Amino acid sequence: FSRNIFFYPNISHQDVELTAKLIISVDKIIFLNIAPYGYVYNSDSISKSKTREKYIKYTLDNLVVADSLKDYYSSLEDNKKKYILRVINNIIWNYIYNLFISRRYIDFHMLNLFLDKLFSSNSYPMQGKMETKFQKMTSIFFKNPTILKVTLFFLYRLFK
């Protein structure tokens, strides 16, 4: 079993990237009624940390995962691309949604950083249909960089 699937080094969310690649590359999946691994809670982990630097890295690593999956997407057969595109869209949609709901934690400088990184990402704008009704409703704001930026800047100035 060799599909040239590797962890992207030094990022958070490696499990999301690896799982998506593994699932799409196999012919069969068997679900078992057991938990073959468990998470170890670490209050100092990057996902639990409250430092600004770790928060920025943790957030931006979502784009690294999405872009890695986008690169992987181009190597897939057409019938498998739909699954990876759904994962990419969900990562990007959640990244953007987090910008809306985290206004208390994100200052204007961080917002600019997150938007610049998003707009330079290979995974933005999102392509294809969105999954949920809420994603479909918000996609008019989320898929258009100009509307997204104006809306977020307005919200950050109005509700800060």
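The structure this text deals with has already been given above.
My aim in this report is to walk through the structure given alongside it, one point at a time. Here the structure is a predicted model, which means the values were calculated and not measured.

1. Re the packing of aromatic side chains
A full pass over the atoms with the stated rule returns nine aromatic pairs. Summarising the aromatic geometry, the rings of Trp93 and Phe142 are spaced 5.4 Å apart at their centres and angled 40° between planes, so their arrangement reads as tilted. Of the two residues, Trp93 is situated in helix H3 (residues 78-101) and Phe142 in helix H5 (residues 133-142); the sequence distance between them amounts to 49 residues. For the pair shown, Trp93 and Phe142 are each scored as buried. Ring centres of Phe108 and Phe153 lie 4.9 Å apart, and the angle between their planes is 45°; this geometry places the pair in the tilted category. A residue pair is termed long-range when its members are at least 10 positions apart, and Phe108 in helix H4 (residues 108-119) and Phe153 in helix H6 (residues 145-158) qualify at 45 residues. Overall, Phe108 belongs to the partly exposed group, its relative accessible area being 25%. The rings of Trp93, Tyr97, Phe100, Phe134 and Phe142 are connected pair by pair, giving a single aromatic cluster.

2. Some thoughts on H5
Turning to H5, its buried residues number three or more, namely Gln135, Thr138, Ser139 and Phe142. Angular distribution of buried residues about the axis of H5 spans 135°; they occupy a single face of the element. For H5, the exposed residues set more than 90 degrees away from the buried face come down to Lys133, Met137 and Ile140. Turning to H5, the residues buried within the fold contact H3 and H6.

3. Some thoughts on a positive patch on the surface
A contiguous patch of positive charge, built from Lys82, Lys129, Lys133 and Lys136, is present on the exposed surface. Turning to its location among the elements, Lys82 is positioned in helix H3.

4. Let's talk about the packing of helix H1 (residues 14-25) against H3
Packed helix pairs are specified by the crossing angle of their axes together with the interaxial distance, meaning the distance between the axes. Here H1 crosses H3 at 165°, and the two axes come no closer than 10 Å. Judged by the inter-axis angle, H1 sits roughly antiparallel to H3. For the pair H1 and H3, the crossing hand works out as right-handed. The residues of H3 that touch H1, namely those facing Val16, Ala20, Ile23, Ile24 and Ser25, are Lys80, Tyr83, Ile84, Val87 and Ile91. In terms of residue class, the contact of H1 with H3 is built from eight nonpolar, one polar and one charged.

Here is what the cut-offs are and how they apply
- Residues numbered from 1 in each chain as written.
- Predicted model: local features only at pLDDT ≥ 70, side-chain atom pairs only at ≥ 80, totals over all residues.
- Heavy atoms only, no water.
- Phe/Tyr/Trp six-rings, centres within 6.5 Å; stacked < 30°, edge-to-face > 60°.
- Helix = DSSP H or I, 4+ residues; strand = E, 2+ residues; numbered from the N terminus.
- Buried < 20%, exposed > 50% of the residue type's maximum accessible area, 1.4 Å probe, protein only.
- Arc of directions from axis to C-beta.
- Contact = heavy atoms within 4.5 Å.
- Patch = residues over 30% accessible without salt bridge, like charges linked within 9 Å, V, L, I, M, F, W, Y side chains within 5 Å.
- Areas by Shrake-Rupley, 256 points an atom, 1.4 Å probe, with all protein chains shown as cover.
- Salt bridge = Lys/Arg side-chain N within 4 Å of Asp/Glu carboxyl O.
- Lys, Arg positive; Asp, Glu negative; His and termini not counted.
- Charge placed at Lys NZ, Arg CZ, Asp CG, Glu CD.
- Axes fitted to C-alpha atoms, helices over the stretch in contact; angles between N-to-C directions.
- Parallel < 35°, antiparallel > 145°, perpendicular 65-115°, else oblique.
- Left-handed = near helix turned anticlockwise from the far one by under 90°.
- Nonpolar A, V, L, I, M, F, W, Y, C, P; charged D, E, K, R; others polar.

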